[in-house]
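Working through the structure, step by step
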Amino acid sequence: MMQLLFPQNEMLKKLPEPIFEAEYDAARAVGFNTLLYSEEMRSSEGPIAACRHFPEGDGSTLLYRGWIYSEQDYLDFYHALGKRGYRLVSSPEQYAEVTYLPNYYPKIRELSPLTVWTETPDTFEAYSCSRKLGNGPFILKDHVKSVKHLWHEACFVPEGIGREGFEEMAARLYREQGKSFHRGFVVKQFVPLSLRGDSPREYPQCEEYRLFFWNSKLLAASHYFNLPALRTEWESISKIAARFTSPFFTMDVAETVQGDWLVVDMGAGECSSIPPSLPAETFYQRLMDSCC
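Remember, it's a predicted structure, so these values are computed and weren't measured experimentally.

Per the counting criterion, the structure on display carries 12 salt bridges. One salt bridge connects Arg243 with Glu110, and the closest N-O pair in it is separated by 2.8 Å. Of this pair, Arg243 sits in the loop between α10 (235-238) and β11 (248-255) while Glu110 sits in the loop between α6 (101-108) and β5 (115-117), placing them 133 residues apart in sequence. Using a relative accessible area of 38% as the deciding quantity, one classes Arg243 as partly exposed. A salt bridge links Arg196 to Glu207; its shortest N-O distance comes to 2.6 Å. Placement of Arg196 in the loop between β8 (185-189) and β9 (208-214) and of Glu207 in the loop between β8 and β9 is noted, with a sequence separation of 11 residues between them. With relative accessibility at 15%, the residue Arg196 sits in the buried group. Residue class for Glu207 comes out buried when judged on its relative accessible area of 3%.

Encoded structure:
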């Protein structure tokens, strides 16, 4: 049966990293076997050292639940686990397919805001590229993620901000991401979304949902925020899942003020957090029912 792989607590090595404790307990409660690896050791000594303590595998499948890796880091981790006799659910190619926007955007183009990107962290190039979308407003991110917690400083680019202001925001994004900045800048046309009350955070609280897909079928859908669902029918959007070879990924979808639905983000299921409106026990029971 498929096992689950979580990062360990570096102080209490028999326990998972605290942020994954609820998931770890829920997975074990529904019957999954679990393994823990040292993220600290992976980053300092390499992935082989991080999983050296694993029992010798027999080619069994592992589903990773943890931090976002670059394509190269995931590739190295994939091969290291293979040498120990384990196979990650998603191949490196499948992981990259749903992690990097330039890879998945062509497959969701008709349901996505207009988007352009650069392949380098050059802020002037990003500004020049943004001109293809007009004068704004825009959403700014790297190839994988944004910094929504800095909504006004490094994420939401107002209309008519000008080159200097745009580059300042792009530079702030780059500094904030640091070594975790992925490849280049992504500039999305801002589309006003339907709001769901006052937001406790700097970024708006919208009518947004996270959809998990397992082998092209909808596994779970839940409001992105800790709010009850107003929509439960996802058949039309779910059809897009068949365009991807990745066995496990997420789509974040949101309603516009005009009542249309957009795919606003995607990600590898391995690294996508479970929304607060979805109990971990429910998620892992559905995963158990789907894969085993």
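Looking now at the nonpolar core. By size, the foremost hydrophobic cluster in this structure holds 38 residues, and its most contacted members are Leu5, Leu81, Phe244, Met251, Val253 and Met266. Setting aside chain neighbours within four positions, we find Leu5 in contact with Leu35, Leu36, Tyr37, Phe54, Leu62, Leu63, Tyr64, Arg65, Phe77 and Leu81. Residues Tyr24, Val89, Leu278 and Tyr284 belong to the second largest nonpolar core, which totals 24 residues.

With that settled, the discussion passes to the layout of surface pockets. In this model, the second largest pocket occupies a volume close to 280 Å³. Every residue lining the second largest pocket is counted, 13 residues in all, and those nearest its centre are Ile68, Lys179, Ser180, Phe181 and His182. Across the lining of the second largest pocket, the residue classes tally to 4 nonpolar, 5 polar and 4 charged.

Glancing now at the side chain of Gln205. When you line up the elements, Gln205 lands in the loop between β8 and β9. A polar atom in the side chain of Gln205 sits 3.3 Å from the backbone oxygen of Asp198. Non-local contacts of Gln205, meaning those with residues more than four positions away in its chain, are made with Leu195, Arg196, Gly197, Asp198, Ser199, Pro200, Phe225 and Leu227.

Moving on: the sheet that holds strand β10 (residues 217-223). Taken in spatial order, the 4 strands make up an open sheet running β10-β9-β11-β12, and their pairing is antiparallel. At either end of the open sheet lies a strand with only one pairing partner, and these are β10 and β12 (261-268). Strand-to-strand twist of the sheet, defined as the mean angle between neighbouring strand axes without regard to direction, takes the value 25 degrees. As judged from the 7 bridges shared by β11 and β12, these two strands associate in the antiparallel manner. When the bridges of β12 are listed, Phe249 appears paired with Ala268. Contacting β11 and β12, helix α5 (residues 92-99) crosses the sheet at an angle of about 145 degrees to β12.

Take the packing of helix α7 (residues 123-130) against helix α9 (residues 162-177) next. Following both chains from N to C, one finds α7 and α9 inclined at 125 degrees, their axes separated by 9 Å at the closest point. Judged by the inter-axis angle, α7 sits oblique to α9. When you trace α7 past α9, the crossing you get is right-handed. Each of Thr123, Phe124, Ala126, Tyr127 and Ser130 in α7 lies in contact with α9, whose residues at this interface are Gly162, Arg163, Phe166, Glu167, Ala170 and Ala171. Looking at the contact of α7 with α9 residue by residue, the classes come out as 6 nonpolar, 3 polar and 2 charged.

Locating Cys291 in the fold gives a position in helix α11 (residues 280-291). In this structure the C-alpha to C-alpha distance between Cys291 and Met2, which are 289 residues apart in sequence, comes to 7.7 Å. Leaving out residues up to four positions away in the same chain, Cys291 has contacts with Met2, Phe32 and Trp214.

This part covers the sheet that holds strand β2 (residues 34-37). Pairing within the open sheet is parallel, and its 4 strands lie in the order β2-β1-β3-β4. Edge positions in the sheet fall to β2 and β4 (86-88), since each of these pairs with one other strand and no more. Mean inter-strand twist for the sheet, computed between neighbouring axes without regard to direction, equals 35 degrees. The pairing of strand β1 (residues 3-7) with β2 spans 4 bridges and is parallel. Looking at β2, one finds that Pro7 is bridged to Tyr37. Sitting on the sheet, helix α4 (residues 71-83) touches β1, β2, β3 (60-64) and β4, and the angle it makes with β4 is about 155 degrees.

Scoring rules and cut-offs
- Within each chain, residue numbers correspond to sequence positions counted from 1 in written order.
- Local features are withheld for residues below a pLDDT of 70 in this predicted model, meaning they are given only at 70 or higher, and side-chain atom pairs are given and counted only at 80 or more; totals for whole chains, interfaces and linings count all residues.
- To obtain the side-chain values, all non-hydrogen atoms of the structure were used and water was disregarded.
- Salt bridge, as used here, is a side-chain nitrogen of Lys or Arg placed within 4 Å of a carboxyl oxygen of Asp or Glu.
- Numbering of helices and strands runs from the N terminus; a helix is a DSSP stretch of H or I covering at least four residues, while a strand is a stretch of E covering at least two.
- Think of it in three bands: residues with accessible area under 20% of the maximum for their type are buried, residues over 50% are exposed, and the middle band is partly exposed, with areas taken using a 1.4 Å probe on protein chains only.
- Remark: nonpolar core denotes a set of buried residues (Ala, Val, Leu, Ile, Met, Phe, Trp, Tyr, Cys) joined through side-chain atoms within 4.5 Å.
- Two residues form a contact once any of their heavy atoms are found within 4.5 Å.
- Definitions used for this entry: grid spacing 1 Å over protein atoms alone; cavity, a set of points where a 1.4 Å probe fits but cannot get out; pocket, an open set with protein on both sides within 12 Å along at least 5 of 7 lines; lining residue, one with an atom within 4 Å of a point.
- Grid points are joined across faces, edges and corners, and a volume is the space filled by probe spheres set on the points.
- Residue polarity is assigned by list, with Asp, Glu, Lys and Arg as charged and Ala, Val, Leu, Ile, Met, Phe, Trp, Tyr, Cys and Pro as nonpolar; anything else, Gly included, falls into the polar class.
- Whenever a nitrogen or oxygen atom comes within 3.5 Å of another N or O atom, the pair is scored as a polar contact, on the condition that within protein one atom can donate a hydrogen and the other can accept it, and that pairs from neighbouring residues in sequence are kept only if both atoms are in side chains.
- A pair of strands counts as paired when DSSP detects no fewer than two bridges linking them.
- Note on definitions: angles span 0 to 180 degrees between N-to-C directions of axes, and those axes are lines fitted to C-alpha atoms, for helices only across the stretch in contact.
- Each angle gets one of four labels, with under 35 degrees taken as roughly parallel, over 145 as roughly antiparallel, 65 to 115 as roughly perpendicular, and the rest as oblique.
- Note on convention: near helix rotated counterclockwise from far helix by under a right angle means a left-handed crossing. Clockwise means right-handed.

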